[in-house]
Amino acid sequence: MGKTREIKGRMKAVSNIKRITKTMQLIATARFQAAQKRATSAKPYTQKIAELVGELASAGGDVDHPLLKEPQPKTGRELLLVITANRGLCGGYNANILRTAVAHLREKADQKVELEIAGKKGVAYFKFVGKPMAKIHTQFGDKPSFQEVHALAQEYMKAFESGQYDAVRVVYMAFESVSRQKPVVIQLLPMEKPKVDESAKNKATVEYDFMPEPAKLLAELLPVTVKTRLFQAFNEAIVGEQVARMIAMKAATDAAGKMGKALARKYNRARQTAITTELTEIIGGTAALE
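Since this is a predicted model, take the numbers as computed values, not measurements.

K.L.:
Got a minute to help me understand the sheet that holds strand β2 (residues 112-118) in this structure?
P.N.:
Strand pairing in a sheet relies on backbone hydrogen bonds, with the paired strands running either antiparallel or parallel. Strand order in the open sheet formed by five strands is β3-β2-β1-β4-β5, with mixed pairing between adjacent strands. Edge strands, defined here as strands with exactly one partner in the open sheet, are β3 (135-137) and β5 (180-189). Going from strand to strand, the sheet's axes swing by 25 degrees on average, the running direction of each strand aside. Sheet topology places strand β4 (residues 167-177) next to β5; nine bridges connect them, and they run antiparallel. Across the sheet, the residue bridging to Ala174 is Lys182, located in β5. Packed on one face of the sheet, helix α4 (residues 146-161) meets β1 (77-83), β2, β3, β4 and β5 and runs near 45 degrees to β5.

Structural data, given as structure tokens:
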């Protein structure tokens, strides 16, 4: 009897876990859809800005801007922003990002890399391994606003232009599709020089008169490009987190369902054994009285 009571308790616990993981899966699904909508809405703007910068670069000749050049002389210092999640239960999402960040730090062992972390999981990890962090960003939640990212990008551009760093890089989970997310390290600063579309040169295109001059327009658009790239990185990181959590919670729900069925079979066998034992004892006692 004690064994069946124990199995019954385990069945109840597994059922409660399944209910919790199913709820978390539904929440993650809803958050993923909202985050994906924000990311896909912002992506065309980011791409169009990059295209416009390329067109202006082809019209304005050689581009010269502080955001495109490494400081001279070099400082030997780099800034690395690592974007992780604030919560766990999202499979290997945080582990993959942190593994990529650590690999990059090892590659740059001969340089001084200052760490800035966005996300509680990244903060907890680097505290655990004893790696000093220059700054911790707690203002970004599940819906990072452009104003928050704008302020951070402004801070990075100001520090880079003043010659504090040779480069500013970002580690985050790039979203490619629901079934594929990849941890990447992108160079935010210095920016790559705008690429001119060579195929477009051979086609009949409309010639535009720019007002003001292309160089002045580029001076305005290059900082915007930095801000939009950083904003897109935060958006994709949120999408990747919710996808990972959705998949992890679905796997946990399925595993709880299988365990519940296995426990139900075990309970039925134990109950049947207990009933058989009781019947045997009753029959044996009756026989003894005769």
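K.L.:
Can you help me understand α4 in this one?
P.N.:
In an α-helix, one turn spans 3.6 residues; hence positions three or four apart end up facing the same way. The terminal C-alpha atoms of α4 lie 22 Å apart, and with 16 residues this matches the ideal 22 Å at 1.5 Å per residue to within 8%. When α4 is considered as a whole, its buried residues turn out to be Val149, Leu152, Ala153, Tyr156, Met157, Ala159 and Phe160. When α4 is viewed along its axis, its buried side chains cluster within an angular range of 165 degrees and face the same direction. When the buried face of α4 is taken as reference, the exposed residues oriented beyond 90 degrees from it are Gln147 and Lys158. Remark: Gly163 follows α4 within two positions and exhibits a positive phi of approximately 85 degrees.

Reading the values: rules and limits
Residues numbered from 1 in each chain as written. Predicted model: local features only at pLDDT ≥ 70, side-chain atom pairs only at ≥ 80, totals over all residues. Heavy atoms only, no water. Pairing = 2+ DSSP bridges. Helix = DSSP H or I, 4+ residues; strand = E, 2+ residues; numbered from the N terminus. Axes fitted to C-alpha atoms, helices over the stretch in contact; angles between N-to-C directions. Contact = heavy atoms within 4.5 Å. Expected span 1.5 Å × (residues − 1). Buried < 20%, exposed > 50% of the residue type's maximum accessible area, 1.4 Å probe, protein only. Arc of directions from axis to C-beta.

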